[in-house]
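Fold and contact review
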Amino acid sequence: MAIFDTIKEATFNVVKAHMGTVAAWTPSSGGAIISKTVLFNDPTENMEMGEMTFQGVDPEMEFFHNDFPGLYDLVSNRSTQELVTIKGNVFCIMQIVKRYDGDTYIAKLAPI
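Below, the structure is looked at part by part.

**Some remarks on the overall build of the protein chain**
Summing up its helical and strand segments, the protein chain has 2 helices and 8 strands in all. Each helix (α) and strand (β) of the protein chain, taken in turn from the N terminus, gives the series α-β-β-β-β-β-α-β-β-β. Along the first, second and third principal axes, the C-alpha set of the protein chain runs to 50 × 35 × 25 Å. Split into buried and exposed, the 112 residues of the protein chain put 30% on the buried side. Taking all contacts inside the protein chain whose residues are at least 6 apart in sequence as the whole, residues at least 24 apart take part in 47%.

**Description of the sheet that holds strand E8 (residues 104–111)**
In space, the 6 strands of this closed barrel follow the order E1-E2-E5-E8-E7-E6, with antiparallel pairing throughout. Strand-to-strand, the axes of this sheet are offset by a mean angle of 45 degrees, without reference to chain direction. Bridge count for strand E5 (residues 60–64) against E8 is 5 bridges, and the pairing is antiparallel. Directly across from Met61, in E8, lies its bridge partner Ala107.

**Focus: helix H1 (residues 3–19)**
Look at H1: 24 Å from first C-alpha to last across 17 residues, which is about the 24 Å you get at 1.5 Å a residue. Close packing links the buried residues of H1 with strand E2 (34–41), E5 and E8.

**Some words on the pairing of E5**
Both faces of the sheet carry side chains from a regular strand, because those side chains alternate between them. The element E5 is extensively covered by neighbouring structure, given that 5 of its 5 residues are classed as buried. Residues Glu60, Glu62 and Phe64 line one face of E5 and the alternating positions Met61 and Phe63 line the opposite face, and both faces are buried. In the sheet, E2 pairs with E5 via 3 bridges, with the strands oriented antiparallel. By the bridge assignment for E5, Phe40 is matched with Met61.

**Re the pattern of salt bridges**
One pass over the structure, following the stated rule, counts 6 salt bridges. Among the ionic pairs, Lys8 bridges to Asp5, the shortest N-O distance being 3.4 Å. Pair noted here: Lys8 and Asp5 are both in helix H1, with a separation of 3 residues, about one helical turn. Each of Asp5, Lys8, Asp101 and Asp103 takes part in one network of salt bridges that share partners.

**Some remarks on the packing of aromatic side chains**
Evaluated as defined, the whole model comprises 6 aromatic pairs. Their ring planes at 85 degrees and their centres at 5.6 Å tell us that Phe63 and Tyr105 sit as a pair that is edge-to-face. Taken together, the residues Phe63 in strand E5 and Tyr105 in strand E8 connect sequence positions 42 residues apart. Here Tyr105 falls in the buried class, since its relative accessible area comes to 10%. Here the aromatic rings of Tyr72 and Tyr105 are separated by 5.0 Å at their centres, their planes lie at 35 degrees, and the arrangement is tilted. Remark: Tyr105 occurs in strand E8 and Tyr72 occurs in helix H2 (residues 71–77); sequence separation between them is 33 residues. Relative accessible area serves as the criterion here: at 24%, Tyr72 is assigned to the partly exposed category.

Reading the values: rules and limits
- Residues numbered from 1 in each chain as written.
- Predicted model: local features only at pLDDT ≥ 70, side-chain atom pairs only at ≥ 80, totals over all residues.
- Heavy atoms only, no water.
- Helix = DSSP H or I, 4+ residues; strand = E, 2+ residues; numbered from the N terminus.
- Buried < 20%, exposed > 50% of the residue type's maximum accessible area, 1.4 Å probe, protein only.
- Contact = heavy atoms within 4.5 Å.
- Pairing = 2+ DSSP bridges.
- Axes fitted to C-alpha atoms, helices over the stretch in contact; angles between N-to-C directions.
- Expected span 1.5 Å × (residues − 1).
- Salt bridge = Lys/Arg side-chain N within 4 Å of Asp/Glu carboxyl O.
- Phe/Tyr/Trp six-rings, centres within 6.5 Å; stacked < 30°, edge-to-face > 60°.

Here is the structure:
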């Protein structure tokens, strides 16, 4: 593993340890529940700046590529509906986008 990759993973783990939230996913293809700490963004309020109002984005979950094995492929193939539970709320994973580094994924979520 290259030194950059080692530093990147260590940094991500430190941020998750201090600001993360537990997410639980049960693969639709079968298997045990996988619970991992993720970065969860769920803006619920609009923000006003001057004369403009900014709406929050849809909820997102950011995680490292090996946190949920197989999730990216299942969502990308759109063959099943994958659900994740965060803070007692169930979300449908609509899309997963790889960040520029290829190891960090951002899942676009929709509340159920």
